[in-house]
Amino acid sequence: MLQCHYHCCRQLLTVRSFKINCWAAAVITRSFTSNDRKVQRIYDCIIGGKRHGLAEGITLVESTHSKKKKQAQELLTAVLAKLKVREDNARRTNTFRIGLTGPPGAGKSTLIEALGKHLTAKDHKVAVLAVDPSSSLTGGSLLGDKTRMHELSRDPNAFIRASPSCGSLGGVARNTNDAVVLCEGAGYDTIIIETIGVGQSEYAVADMVDMFVLIVPPAGGDELQGLKRGIVEMADLILVNKSDGELLIPARRMKAEYTSAMKLLRKRSKIWIPKVLKLSSKTKEGLPEAWDKMCEFKSVMTESGDLIRKRQRQQTVWMWNHIRENIMDIFKSNLNVANSVNEIEREVGLGVLTPGHGADLLLQLFRLGVQENKL
């Protein structure tokens, strides 16, 4: 009788101990709890590595609705905290952010698919954030980059998201930086950002990535044209794409000209000299060498501590970018400005007021409205 009672008590304690351990494990795993069911569900999906949850999370951070903006901030704060724990445990940065840019027709999407398949074959998880230009007339975007990466889009270790630029300058969308955070939270170790076809001064992507890669076609102008581009001096690596077939000889000449041009540019880093390589997205020739050079860059920057410092500086840059974008919304929502803007615009259009004078009048009305609100 006593022996039976002893075994029953022991079994009960074992069951209770098991339940307590399970509860503790759940608490440790689920370190974030939200009162908002939607935010909690999306967070759990992202941390669990589910692609549909990541897509829903990016849609949330791209929304301009006031309620969804608050939900997005709660989600981003929770994911950032989780990433911080991961990095503290690993004692290093586990992710690599790469920005790919170049003129239209340089073969950016084809190169990204070839590079993405090369990386997933090496057990990397790749997220591609492609930015599509928005129409200045209708505001719509084609979002067709994913259709050009049909093989990579079917890869279970890859995630492709096309987003509209919505009028943002610099070749990226205003919430691309937030989407990067969510992708890293979902476990993607390599984040590739493809910008829209850019010109000489559009390189905002350089302020959100670890490595800035410029892709140029074989017939993109001589070395003088290369020097004229402000975007060239920001590049950490220049890739001459389409180096195959009849374009092989022009690609070799282009590589030599850009190599010569880079020597005349002012060095941005004491520990890294930008390289110029040629490759073919079609034949894959030169692709492994390009990835090895990217890995070398990450290794050099990580060991020197420049990678962490660069990311910290980028965070403050994007904080001020968000402030600049939101200030315009606050300005337009001011009652004094809203009541007078149409009349002032009409007078500026008729030539009664200069654009500068019209702007000064609107700013004075804005300041007056702010002072009235204080009273």
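Keep in mind it's a predicted model, so treat the numbers as computed, not measured.

Criteria and cut-off values
Residues numbered from 1 in each chain as written. Predicted model: local features only at pLDDT ≥ 70, side-chain atom pairs only at ≥ 80, totals over all residues. Heavy atoms only, no water. Helix = DSSP H or I, 4+ residues; strand = E, 2+ residues; numbered from the N terminus. Buried < 20%, exposed > 50% of the residue type's maximum accessible area, 1.4 Å probe, protein only. Contact = heavy atoms within 4.5 Å. Areas by Shrake-Rupley, 256 points an atom, 1.4 Å probe, with all protein chains shown as cover. 1 Å grid on protein atoms, 1.4 Å probe; cavity = no way out; pocket = protein on both sides within 12 Å on 5 of 7 lines; lining within 4 Å. Points joined across faces, edges and corners; volume = space filled by probe spheres on them. Pairing = 2+ DSSP bridges. Axes fitted to C-alpha atoms, helices over the stretch in contact; angles between N-to-C directions. Phe/Tyr/Trp six-rings, centres within 6.5 Å; stacked < 30°, edge-to-face > 60°. Lys NZ or Arg CZ within 6 Å of the ring centre and 35° of its normal. Salt bridge = Lys/Arg side-chain N within 4 Å of Asp/Glu carboxyl O. Nonpolar A, V, L, I, M, F, W, Y, C, P; charged D, E, K, R; others polar. Core = buried A, V, L, I, M, F, W, Y, C linked by side-chain atoms within 4.5 Å. Expected span 1.5 Å × (residues − 1). Right-handed = clockwise from strand over helix to strand, strands pointing away.

1. Digging into the overall build of the chain
- Within the chain one finds 13 helices and seven strands.
- For the chain, buried positions account for 41% of its 375 residues.
- If you take every contact in the chain between residues at least 6 apart in sequence, the share linking residues at least 24 apart comes to 76%.
- Just so you have it, the chain exposes about 21200 Å², and 57% of that area is on carbon and sulfur atoms.

2. Observations concerning empty space enclosed by the protein
- With the rule as written, the count across this model stands at one cavity of 30 Å³ or more.
- Only α3 (51–62), β2 (126–132), β3 (158–164) and α7 (176–185) provide two or more residues apiece to the lining of the largest cavity.
- The greatest single-element share of the lining of the largest cavity, amounting to three residues, is contributed by β2.

3. Regarding the sheet that holds strand β6 (residues 237–240)
- Across the sheet, which stays open at both edges, the seven strands sit in the order β3-β2-β4-β1-β5-β6-β7 with parallel pairing between neighbours. Unpaired on one side and paired on the other, β3 and β7 (275–278) mark the two borders of the sheet. Each strand of the sheet is rotated relative to its neighbour by a mean of 20°, with strand direction disregarded.
- Pairing of β2 with strand β4 (residues 190–194) involves five bridges; the strand directions are parallel. Residue pairing in the sheet places V126 in a bridge with T190 of β4.
- The sheet strands contacting helix α10 (residues 287–304) are β1 (96–101), β4, β5 (211–216), β6 and β7, and the helix crosses β1 at an angle near 130°.

4. Examining the packing of aromatic side chains
- In this structure the tally under the stated criterion is five aromatic pairs.
- The ring of Y188 has K125 lying over it, and the distance from NZ or CZ to the ring centre is 4.5 Å.
- Across the ring face of W272, the terminal group of K275 is positioned such that the distance to the ring centre comes to 4.1 Å.

5. Side note on the pattern of salt bridges
- Counted by the stated rule, this structure contains 10 salt bridges.
- Of the charged contacts in the structure, one is a salt bridge between E184 and R97, with a shortest N-O distance of 2.7 Å. In this pair, E184 is assigned in helix α7 and R97 in strand β1, connecting sequence segments 87 residues apart.
- In this structure R97 comes out as buried when scored by relative accessible area, which is 11%.
- Across the pair E296 and K293 runs a salt bridge whose closest N-O atoms are separated by 3.2 Å. With E296 and K293 both in helix α10 and three residues apart, the pair spans about one turn of that helix.
- On the accessibility criterion, E296 (36% relative accessible area) is partly exposed.

6. Focus: the layout of surface pockets
- The computed volume of the largest pocket comes to approximately 550 Å³.
- Lining the largest pocket are 24 residues, with Q73, L76, N175, D178 and H322 sitting closest to its centre.
- Elements supplying a minimum of two residues to the lining of the largest pocket: α3, α4 (66–90), α7 and α11 (306–333).
- Looking at the lining of the largest pocket, its residues break down into eight nonpolar, nine polar and seven charged.

7. Quick word on the nonpolar core
- Of all hydrophobic cores here, the largest spans 46 residues; its most connected members are L75, L182 and I238.
- In terms of residues, this core owes the most to one element, α4, which gives six residues.
- Apart from the residues lying within four places of it in its own chain, the contact partners of I238 are L214, V216, V232, Y258, M262, K275, V276 and L277.
- Core analysis: the second largest hydrophobic core is formed by 31 residues, L115, V128, L237 and L279 among them.

8. Some remarks on α10
- Across its 18 residues, α10 extends 26 Å between first and last C-alpha, which sits within 8% of the 26 Å expected from 1.5 Å per residue.
- At the C-terminal side of α10, G305 shows a positive phi close to 85°.

9. Regarding the environment of L100
- Looking at the element boundaries, L100 is found in strand β1.
- Residue class for L100 comes out buried when judged on its relative accessible area of 1%.
- Separated by 114 residues in the primary sequence, L100 and L214 place their C-alpha atoms 6.0 Å from one another.
- Residues contacting L100, with those up to four places away along its chain left out, are K108, I112, I192, I193, E194, T195, V213 and I215.

10. Here's the deal with the pairing of β7
- Where β6 meets β7, four bridges bridge the pair, whose relative direction is parallel. Its bridge partner being in β7, L237 is matched across the sheet by K275.
- With helix α9 (residues 248–262) bridging β6 and its parallel neighbour β7, the resulting β-α-β unit is right-handed.

11. Some details on unusual backbone geometry
- A positive phi angle is found at K242, which is not glycine, with a value near 60°.
- Secondary-structure assignment places K242 in the loop between β6 and α9.
- On the basis of relative accessible area, K242 is assigned to the partly exposed category, the value being 31%.
- The backbone of K284 sits at a positive phi, close to 70°, despite the residue not being glycine.
- Of note, K284 is situated in the loop between β7 and α10.

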